[in-house]
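Now for the letters of each chain:
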Amino acid sequence: MLPKKKANNNKENLQKGKQKRGDQKAKPVQEEKREEFFWNENILRNQEKRGVSYSSCHIVHYLRNLTQGTQPVFWQDQALNTPVMHTNKRLRVHKTYLGFDRRATALAWHPTNPNVVAVGSKGGDIILWNYQADGNKPRAFIKGVGPGGSIQSLQFDERHSGYKAYTVSIDGTLAYHDLEVEERKNFLRTGDIDHWYTSLDVSAPGKVIIVGDNKGYVNLLTQDGEKLWTNRLHQQKVTHIEFCPRMQWCFVTASVDRSLKVWDIRNLKSRSSCLYSHMHERPVNSAHFSRTDGGRLLTTDQHSEMRVYSCPSFTLSRTISHPHRQFQHLTPIKATWHPLRDIIVVGRYPDPAFPGYVDNEPRTVDFFDGATGKLLHQHMDRNCDNKIISLNLFNQTGDALLSSAALLVWVWKPKFSCDATKSSSNLDSEGNSDDDDNDDGNDKPKRPRKKKTNTTASKKSKALKETKVVRGIMKIDKKR
């Protein structure tokens with residue numbers, strides 16, 4: 001009997017043994033991964049057969065996936081944008097007004113009447129317009145002072161069902177107007193050509209008015225005009241000021257000093273006592289809270305950037321690049337919210353230096369998703385004559401959009417085609433027709449065309465049939 005060989009416990013043999021053991025353990029793991037891969041593939045194939053789409057935002061897909069228990073929470077919210085955007089894509093110019101001698105600078109909807117608007121101009125003119133009842137002529141026209149009387153902001157008084165509104169203008173006044181009777185009362189007056197008021201907002205629950213000026217000061221007044229306090233919150237002009245609909249003690253200010261600041265109205269001591277402060281790369285034109293629940297804050301700068309902040313932490317959640325640069329003789333472009341969904345509405349001013357610029361790019365009204373920053377639609381109407389649409393504001397119900405471009409002011413309303421004879425080939429993936437020829441409402445129903453009968457062609461066909469019959473008879477006779 002030969003003695004057994006002793007195992008060499010050197011490093012190479014130990015490493016080889018570990019590799020073999022690892023390979024034996026890795027085999028079942030790899031097999032499990034392959035089984036999971038094929039199992040996932042089968043699930044995806046079954047879902048494709050059933051038509052289930054996780055990424056679809058269509059309301060029908062959302063309801064079907066919800067009943068099957070396969071719809072993610074995020075897409076549940078996104079699916080509700082579909083019916084709203086379907087209406088927005090059908091917007092057409094409904095009524096227009098062209099009576100200002102200077103460009104429009106401020107827009108406002110009546111808080112209770114969705115058909116009444118007020119518009120202020122650079123010359124200080126104000127119109128009260130019920131576009132459904134008054135046609136193209138406003139109900140009231142208040143003449144301004146002309147140069148130096150530009151209306152910077154306009155707000156209706158929600159305490160009254162009538163037509164009373166607050167305005168601030170470059171003439172250095174905060175005024176209270178009865179637009180129907182054309183009466184005016186000044187609450188504040190600077191008395192200085194170089195000092196004027198630039199922005200205002202009214203808090204109906206708090207019964208106060210807050211006003212900003214071009215020196216960076218903010219003034220707080222009661223709704224009856226009694227002054228409560230004044231404080232300098234910015235180094236330069238306050239371009240926008242607004243109360244939060246969720247927290248009535250909270251308001252935001254935007255300024256030319258490139259800052260956005262959040263304040264507590266109960267604790268205002270100095271410029272450094274703000275709750276939150278965010279710096280922008282350019283001066284900020286506006287800062288609007290979302291109209292659905294006040295959960296988002298939208299800012300527009302003076303060049304090519306929009307930002308969305310999440311409330312109440314006011315953290316930056318989305319930055320959207322969009323061309324809307326500013327120059328002296330253009331009303332500053334300000335992005336606003338849709339009242340039913342967190343959809344951003346903003347006018348486009350194409351910039352050759354902006355990435356993705358196309359030659360002869362149209363000046364459209366753009367719709368963005370506030371949650372994802374995705375461009376949903378670019379709207380354009382041939383009646384707008386490719387103008388730069390600076391201001392856009394939806395009414396409370398979301399079925400009418402008020403816009404202004406230079407001297408022109410108009411109202412958009414959705415128009416839906418009811419013609420059932422349209423072929424399905426003209427419909428896109430969402431069921432929308434691309435044919436806008438019948439949207440004007442003046443088209444008459446077309447009569448069915450009569451089939452034209454060609455007498456000469458019918459005679460020739462009869463003659464050919466007769467000759468064929470004669471030839472067949474002759475062949476039969478020859479065989480006989």
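Above: the structure in question.
Right, let's walk through the structure included here. Model, not experiment: these values are computed from the prediction.

Turning next to the packing of aromatic side chains. Within the structure shown, the criterion is met by eleven aromatic pairs. Seen in terms of ring centroids, Trp109 and Tyr131 are 6.2 Å apart; in terms of plane orientation they differ by 85°. Their pairing is edge-to-face. Linking Trp109 in strand E2 (residues 104-109) with Tyr131 in the loop between strand E4 (126-130) and strand E5 (140-142), this pair joins segments that are 22 residues apart in sequence. When its relative accessible area of 0% is taken as the criterion, Tyr131 is described as buried. With a centroid separation of 6.2 Å and 55° between ring planes, the pair formed by Phe327 and Tyr349 is classed as tilted.

Turning to the environment of Thr239, a few remarks are in order. Within the fold, Thr239 resides in strand E14 (residues 238-243). Of the residues examined, Thr239 reaches a relative accessible area of 13% and is grouped as buried. The spatial distance from the C-alpha of Thr239 to the C-alpha of Asn214 is 7.9 Å, given a sequence separation of 25 residues. Non-local contacts of Thr239, meaning those with residues more than four positions away in its chain, are made with Thr198, Ser199, Ala254, Ser255, Val256, Val284 and Asn285. Engagement of the side chain of Thr239 in a polar contact is seen with the backbone oxygen of Val284, the distance being 2.6 Å.

Okay, the nonpolar core next. Core analysis: the biggest nonpolar cluster contains 16 residues, and Leu91, Val365, Phe367, Ile389, Phe394, Trp410 and Trp412 have the highest contact counts within it. For this core, the secondary-structure elements that each account for two or more residues are helix H4 (81-88), strand E1 (91-97), strand E23 (343-347), strand E24 (365-369), strand E27 (401-405) and strand E28 (408-414). In terms of residue count, E28 provides more of this core than any other element does, three residues in total. In terms of nonpolar packing, the next biggest core, distinct from the first, is built from 15 residues, Leu107, Tyr131, Leu391 and Val411 among them.

What follows deals with H4. For H4, the complete set of buried residues consists of Asn81, Thr82, Val84, Met85 and Asn88. Down the axis of H4, the buried set is contained in an arc of 165°. They therefore lie on one face.

Each value, and the rule that gives it
- Residues numbered from 1 in each chain as written.
- Predicted model: local features only at pLDDT ≥ 70, side-chain atom pairs only at ≥ 80, totals over all residues.
- Heavy atoms only, no water.
- Phe/Tyr/Trp six-rings, centres within 6.5 Å; stacked < 30°, edge-to-face > 60°.
- Helix = DSSP H or I, 4+ residues; strand = E, 2+ residues; numbered from the N terminus.
- Buried < 20%, exposed > 50% of the residue type's maximum accessible area, 1.4 Å probe, protein only.
- Contact = heavy atoms within 4.5 Å.
- Polar contact = N/O pair within 3.5 Å; in protein donor to acceptor, adjacent residues only side chain to side chain.
- Core = buried A, V, L, I, M, F, W, Y, C linked by side-chain atoms within 4.5 Å.
- Arc of directions from axis to C-beta.

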